[in-house]
Amino acid sequence: MNALAFAWRSLVRQPARAGLGIAGVAAVAALLFDMLLLSRGLVVSMQDLLDREGFDVRVTATASPPGTGPRLRQASRSAAALMALPEVDEAVPLGLSEVAFDAGGDVGSQQASLFAADTSRRRPWTVVEGRDLAGGGQPTGMVLLNRNLAAELGRRPGDSVTLRAFCGAGRSALPLVSLQVAGIAEFPFDDPTQFSAATTLGDAARACGEENRDEADLLLVASSESAGAENTRAAIQFLLPDLYALTNEEVVARLQQGEFSYFRQISTVLVAVTLGFSLLLITVLLTVSVNQRLGEIAALRALGFSRRRVVADVVCESALMVGIGGALALPLGMALAGWLDRILKVMPGIPAELHFFVFEPRAVVVHVALIVATAVLAALYPMQIVARLPIAATLRNEVVS
Amino acid sequence: MAPNYNSKMIRAAAAALLSLAIALGLGASPERARAAEGPLPDVLVSRQLAEAAGLAVGSSIRLSADPSGGSSREFRVAGVYEPLPDPMRINASKHEARLHLPDLLQMTADPADPLSTETVDAVNIALANPDGAREFAREVRARRPGLIARPAAGGSSEAAVFVVLERFHLAIAIVTIVASTVFLLALTVMLVDERRETVGILRLIGLTTRRVMSQVVVEGLIIATAGALFGLVLGIASEGLVNRYFQWHYDTALIFVRITPDVALRSVAIAVPLGALASVAASWTLLRRSVLFLARR
């Protein structure tokens, strides 16, 4: 009988003990797996969200995130200049502002985020009902609402809405503007409770009382098929050195260093704690198990089992316990990740499409590597006990006791 | 009335201006300040900015609202301050400055809009009766449609973030407790099994199952209490280490881990009964067996 089969029988012989040990490993390994998913979950999810829009470079006036820093001046002219680059397939100016819709009745007004964009082939939103905005950024008198806002205002495509824009300092008393609802749209970065709307840059400027204003918060750029995002970014930076161009990867890397770093930190800490915890507990379980079977192991040695063979038995027992527990941890971890994800997604401002725990094959690879390392390390001390076991003295003690 | 909003906006705007000015190399020396005609307006800079830009009290710097650095204005660093620890801005750059409001408005005002020099992002209001904040906010909204007034405390999204994080930490703690309990059970099953003969002899010499069980419970309680206290000491010992690491990492004075008496009590209250229960559960299967089974070799 080989070492693995022998170790299996050792486990099966005491099912309660083995079952509890495996269950403990599975629970700890599930937490470990979840922390591996969390360590890159936001990054992977955000990258997916950004890529889904179809734009792979973002251009702003300064290094500040869009909406928090100075706006891009002469946005349309900059977009036209970028469109002339062979690396650029499309460049769309996008403005961000806050507006208050007249909700009528007791509700009064309803604040919402307003996205203003020159229309293009790619849209930073998806129309789910009605029709999209038309034209090339000129005022059309049309607006798109998200489902939350449409429900709150009780409006459908074809109805009209009245809004007042907040356009920064000095414009607190802007007049009300009426727009017609063209359709209902989904915005990728909306959180489940967010109220959002979209219109053209021309209509947004009209709402701000600045019809001739040509400003945007950022330019969304889609690279041509032959040019990669990095080449496009370099070409933009060369053409417009005063502006800041970032690829989606760079945006995500910035977020990882900043806003997302808390979850990376906590996942690193918990991975370390979980590994230490499981190492300690598996070592204790194996050590106690080996200590209880010292007489049996000494008898096997006396019967002719080599030292290497009994050590291999211990390693196999550790590998079986950790291996089965680790394998069970994958489905358990996925279920647990779903629960934890639902808890975290309640956080205000988190886009509905963003996930904290995202499955990646590399997480499974790292999980397996860590589990194998834990199994080997946990078996070291019991292996040493077995390898140095004095056969005669152990057998004599066994008989005397 | 949103007490932090105004200061945050002004700080953010000022930080953007100042960091831009520094980045553009517009910072000047104390000598320039001394050479300037008339007293320069004062500005306070954060410790982080002072360290990064090599500023000291008395230094003069130029600030501009224009990304290109145009129309800049000279200021004198009157002091260096430690930014108020704010968990919501833990990852934000702490390169910030505080200006007198008229100085900031003078730089940011739109010449074409006479109202812009009279415009602020928010007004902080301290009420004589803080309990009436909600009522006051409602009254302001009713009197001035278009204004947004809200109480600073309660129901804010910032508070909700921490409520969610607390739930997340609680969920992690529950999983850890479940895993520990299973391991503990496995260990106690092994330890109890090891003592099968001892228990058999105790039963043979006349001790009742209840007597042996009470011994197991007391033993479990002692071990669980010792383990919980050890865990508590370990937690308290590592508290400073964790805080120092994160304070260094985020360059903040925030406290990340604080073991309060309530937390300590809750830990002990969970760990001790769980440990004792694990001992009892593991022993129960053994004690149900007959005396002869327990005593036989």
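Quantities reported herein were computed from a predicted structural model and do not represent experimental measurements.

Draft legend 1. Looking closely at the overall build of chain A. When helices and strands are tallied, chain A shows twelve helices and twelve strands. Here chain A has a C-alpha radius of gyration of 31 Å; the compact-globule value for 401 residues is 21 Å, and the former is much larger. Principal-axis analysis of the C-alpha atoms gives chain A an extent of 100 × 55 × 35 Å. Contacts in chain A between residues far apart in sequence, at least 24 positions, make up 81% of those at least 6 positions apart.

Draft legend 2. Spotlight on the nonpolar core. Residues Ala 26, Ala 27, Ala 29 and Ala 30 of chain A together with Ala 186 of chain B are the most contacted members of the largest nonpolar core, which totals 73 residues. Breaking this core down by element, the ones donating at least two residues are α2 (15-52), α8 (261-292), α9 (294-303), α10 (307-344) and α11 (361-387) of chain A together with α6 (157-194) and α9 (261-287) of chain B. Of all the elements, α2 of chain A adds the most residues to this core, at 20 residues. Once residues within four sequence positions are removed from consideration, Ala 186 of chain B is found in contact with Arg 17, Leu 20, Gly 21, Gly 24 and Leu 285 of chain A. Within the second largest apolar cluster, 61 residues are counted, among which are Trp 125, Ala 165, Phe 187 and Phe 189 of chain A.

Draft legend 3. Region of the structure containing α2 of chain A. All names here are of chain A. At Arg 40, α2 is deflected by roughly 45°, the largest bend along its length. Taken across its 38 residues, α2 has 28 buried, putting it largely inside the fold. Just beyond α2, the residue with positive phi is Gly 54, at close to 95°.

Draft legend 4. The arrangement of the interface of chain B and chain A in detail. At the interface, 35 residues of chain B touch 40 residues of chain A. For the side of chain B that touches chain A, the secondary-structure elements that each account for two or more residues are α1 (3-23) and α6 of chain B. At 21 residues, α6 of chain B tops the list of elements feeding residues into the side of chain B that touches chain A.

Draft legend 5. Inspection of the pairing of strand β3 (residues 73-81) of chain B at higher detail. All names here are of chain B. Pairing of strand β1 (residues 42-46) with β3 involves five bridges; the strand directions are parallel. Within β3, the position partnered with Val 45 by the bridge is Val 80. Direction of pairing for strand β2 (residues 60-63) relative to β3: antiparallel, over a ladder of four bridges. Following the sheet pairing, Ile 61 is matched in β3 by Phe 75.

Draft legend 6. Geometry of the domain arrangement of chain A. Residues and elements named next belong to chain A. What the domain assignment lists for chain A is domain 1 (3-49 + 260-400) and domain 2 (62-242). Just the C-alpha atoms count here: the centres of domain 1 and domain 2 sit 51 Å apart. Each side of the interface is counted separately: domain 1 has seven residues, and domain 2 has five residues. A class-by-class count of the residues in the side of domain 1 that touches domain 2 yields five nonpolar, one polar and one charged.

Draft legend 7. Structural context of the pairing of strand β6 (residues 142-145) of chain A. All names here are of chain A. Of the two faces of β6, the one holding Met 142 and Leu 144 and the one holding Val 143 and Leu 145 are both buried throughout. Taken together, the two bridges between β6 and strand β9 (residues 196-199) define a ladder with antiparallel strand orientation. Residue pairing across strands places Leu 144 opposite Ala 198, the latter belonging to β9.

Draft legend 8. Quick peek at the domain arrangement of chain B. All names here are of chain B. Taken as a whole, chain B is organised into domain 1 (3-123), domain 2 (125-154) and domain 3 (157-295). If you look at the interface, domain 1 gives seven residues, while domain 3 gives six residues. Taken together, the residues that form the side of domain 1 that touches domain 3 break down as four nonpolar, one polar and two charged.

Draft legend 9. Spotlight on the sheet that holds β2 of chain B. Residues and elements named next belong to chain B. Taken in spatial order, the four strands line up as β2-β3-β1-β4 in an open sheet, and their pairing is mixed. Here the strands that pair on one side only, and so sit at the sheet edges, are β2 and β4 (97-99). For this sheet the average axis-to-axis angle between neighbouring strands, irrespective of direction, equals 45°. Here β1 runs beside β4; their pairing, made up of three bridges, is antiparallel. By the bridge assignment for β4, Leu 44 is matched with Arg 98.

Draft legend 10. Representation of unusual backbone geometry. Despite not being glycine, Gln 74 of chain A shows a phi value in the positive range, around 50°. Position of Gln 74 of chain A among the secondary structure elements: in the loop between β2 (72-73) and α3 (75-83). C-beta crowding within 10 Å serves as the criterion here: with 13 such atoms nearby, Gln 74 of chain A is assigned to the partly exposed category. Of note, the phi angle at Asp 251 of chain B is positive, near 50°, even though the residue is not glycine. Looking at the secondary structure, you find Asp 251 of chain B in the loop between α8 (209-250) and α9.

Draft legend 11. How the structure looks around the environment of Ile 184 of chain A. By the secondary structure assignment, Ile 184 of chain A is in strand β8 (residues 177-186). C-alpha of Ile 184 of chain A to C-alpha of Ala 222 of chain A: the two residues are 38 residues apart in sequence and 24 Å apart in space.

About the criteria used
- Residues numbered from 1 in each chain as written.
- Chains lettered and ligands numbered in written order.
- Predicted model: local features only at pLDDT ≥ 70, side-chain atom pairs only at ≥ 80, totals over all residues.
- Helix = DSSP H or I, 4+ residues; strand = E, 2+ residues; numbered from the N terminus.
- Rg over C-alpha atoms; globule rule 2.2 N^0.38 Å.
- Contact = placed C-beta atoms within 7 Å.
- Core = buried A, V, L, I, M, F, W, Y, C linked by C-beta atoms within 7 Å.
- Buried ≥ 20, exposed ≤ 12 C-beta atoms within 10 Å, placed from the backbone.
- Bend = angle between axes of the 7 residues up to and from the residue.
- Pairing = 2+ DSSP bridges.
- Domains from an automatic or database assignment.
- Nonpolar A, V, L, I, M, F, W, Y, C, P; charged D, E, K, R; others polar.
- Axes fitted to C-alpha atoms, helices over the stretch in contact; angles between N-to-C directions.

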